[in-house]
Amino acid sequence: MVALYVGGQKVEWADAERVLADRPSGADSIELRTDAGKVLGVVVPNITTRPDDPDWVKAITPEEIARRMAEPGYTFDEVKKRLGWE
């Protein structure tokens, strides 16, 4: 069994979403450990901006949105073909 630890404290999987959303960005490492306590992996968040951050929102101007929307894109069928799904 694999357990989740945030800031050295064990977190139940059912509570993981709430615990991770409530913590300040980059505050603590996140570890995956075995029942015996062996560390399988460590994630150190480095979140500098979030979509609800006013500075991030201001960085995307209406002109930038229009420019990106005017760029050519791919249909879903084209994407599947490029990924080799077909």
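Above this text sits the structure in question.
Throughout what follows, the structure given in this document is the object of discussion. (Residues numbered from 1 in each chain as written. Predicted model: local features only at pLDDT ≥ 70, side-chain atom pairs only at ≥ 80, totals over all residues. Heavy atoms only, no water.)

## Quick notes on the sheet that holds strand β4 (residues 39-43)
Stated formally: Paired strands are those between which DSSP finds at least two bridges. To qualify as a helix, a DSSP run of H or I must reach at least 4 residues; to qualify as a strand, a run of E must reach at least 2; elements of each kind are numbered from the N terminus. Axis lines are fitted through C-alpha atoms, for helices just across the contact stretch, and the angle between N-to-C directions can take any value from 0 to 180 degrees.
If you trace the 4 strands from one edge of the open sheet to the other, you get β2-β1-β3-β4, paired in antiparallel fashion. Lying at the two open borders of the sheet, with one neighbouring strand each, are β2 (9-11) and β4. Going across the sheet, the axis of each strand differs from the next one's by a mean of 30 degrees, ignoring polarity.

## Some words on the pattern of salt bridges
To keep things clear, this is the line we draw: Here a salt bridge means any side-chain nitrogen of Lys or Arg lying within 4 Å of a carboxyl oxygen belonging to Asp or Glu. Buried residues are those whose accessible area, probed at 1.4 Å on protein chains only, stays under 20% of the maximum for their type, while exposed residues exceed 50% and partly exposed ones sit between those limits.
Scanning the entire structure with this criterion turns up 5 salt bridges. Taking the shortest distance from any N to any O, the salt bridge between arginine 33 and glutamate 31 comes out at 2.5 Å. Residue classification places arginine 33 among the buried residues on the basis of a relative accessible area of 18%. Via salt bridges that share partners, Glu64, Arg67, Arg68 and Glu71 belong to a single interconnected network.

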